[in-house]
Amino acid sequence: MDDSLRELVLGVAATGLGAAIGWTFRTFLWRRALRRKQRFFGLPDHSESVLVVNRDPGAAGAVARSDVFALLEVTSLIKDCRAQLRVLTAHDARQGFGERTEFCIGGPVSNPRTAAHLEALLPGVHVEAGSHEAPGHGTYTVGGESHRPRKGAVEYVLLARLAPEADMRPVFLICGQTSVSNQAAARHLARHHRRLARKHGGTGTFCLLLKVVSSAAYGPDVVEVVGDVTRAALTPAPAPAPTPASAPAGQGGDAGEGAAQDSSASA
């Protein structure tokens, strides 16, 4: 074998070896990223997950358009983790939590299961769920601070990962004041799950309050993180102080008459 042929063979071998090493390294990084993602979402290969959808009360029980987009964001995350997906309505999801990862979308008015999760897992969150015409309808109160929606201008949404015990699969709660805010939170989770995993731990519990700005103009694209409200949301709100009972009318009248008599005697 002459020198030129030997150099050609060595060059081809070096190129093949470099390509193999590069492919192996890229595969290692990809698998490591996948495992971290699966650990954060509680979705190992071929595991089961539940996606609980809400209903639009103003559309005869249908799912709102922006909520459909939120479902697509979450579905993509589940498929990326190589997991199985089961979609249920809130009224059909009559089961506990912790055995399989759950994604629950919608506020407590449109999704009764969200209301149950708030009561059981986030007792420090209060949602004003009165009449739609009431001034404070949909207001979130966390840690003594109220966050009132102004549809199309300012809307709030809670994004939470809830795992009460280490061996439980998490519940991801997307609790928005509007369907647009639900979509914004689902997109935020899809885009920033790596940062959330680094900040809160791969299996940690957290609750974020997000603000959607000018959704009438920008849709779900402009989102601000108001703050991490985990501690306040997990702490039960103090019970209201009892109202002091007023004295019966008869006793009050007798006391007044007694005082008048004492005053006359003194005079």
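Use the structure listed above.
To keep things clear, this report deals only with the structure shown in the data block.

Parameters and conventions
Residues numbered from 1 in each chain as written. Predicted model: local features only at pLDDT ≥ 70, side-chain atom pairs only at ≥ 80, totals over all residues. Heavy atoms only, no water. Helix = DSSP H or I, 4+ residues; strand = E, 2+ residues; numbered from the N terminus. Buried < 20%, exposed > 50% of the residue type's maximum accessible area, 1.4 Å probe, protein only. Contact = heavy atoms within 4.5 Å. Areas by Shrake-Rupley, 256 points an atom, 1.4 Å probe, with all protein chains shown as cover. Pairing = 2+ DSSP bridges. Core = buried A, V, L, I, M, F, W, Y, C linked by side-chain atoms within 4.5 Å. Disulfide = S-S within 2.5 Å. Axes fitted to C-alpha atoms, helices over the stretch in contact; angles between N-to-C directions.

We now examine the overall build of the protein. Looking only at helices and strands, the protein features 7 helices and 10 strands. For the protein, with 267 residues in total, the buried portion stands at 39%. Partitioning the intrachain contacts of the protein with sequence separation of at least 6 by distance along the chain shows that 65% fall at a separation of at least 24. Surface summary for the protein: the accessible area is close to 15200 Å², and the carbon and sulfur share equals 55%.

Turning to the pairing of strand β3 (residues 101–105), a few remarks are in order. Along β3, 5 of the 5 residues are buried, which leaves the element largely enclosed by surrounding structure. Of the two faces of β3, the one lined by T101, F103 and I105 and the one lined by E102 and C104 are each fully buried. The pairing of strand β1 (residues 48–53) with β3 spans 4 bridges and is classified as parallel. Its bridge partner being in β3, V52 is matched across the sheet by C104. Bridge analysis of β3 against strand β8 (residues 171–176) gives 4 bridges, and the strand direction is parallel. Directly across from I105, in β8, lies its bridge partner I174.

Our next topic: the nonpolar core. F40, F41, V74, F103, I174 and L189 are the most contacted members of the largest nonpolar core, which totals 27 residues. The set of elements that each furnish at least two residues to this core consists of α1 (3–41), β1, α2 (65–80), β3, β7 (154–162), β8, α4 (179–200) and β9 (206–213). With 6 residues, α4 is the single largest residue contributor to this core. Beyond its immediate stretch of four places on either side in the chain, F103 contacts F41, L43, V50, L51, V52, V74, I78, F172 and L189. Among the nonpolar cores identified, the runner-up in size contains 25 residues, and V50, V52, L118 and V171 belong to it.

Here the structure, examined in full by the defined rule, presents 0 disulfides. Between C207, a cysteine without a disulfide, and C175, which holds the nearest cysteine sulfur, the sulfur-to-sulfur distance is 8.7 Å.

What follows is about the sheet that holds strand β4 (residues 125–127). Spatially, the 3 strands line up as an open sheet ordered β4-β5-β6, and their pairing is antiparallel. The open sheet terminates on both sides in strands that have one partner only, identified here as β4 and β6 (145–147). Strand-to-strand, the axes of this sheet are offset by a mean angle of 20°, without reference to chain direction. Judged from the 3 bridges that link them, strand β5 (residues 140–142) and β6 form a sheet pairing that is antiparallel. Looking across to β6, one finds that T141 is bridged to S146.

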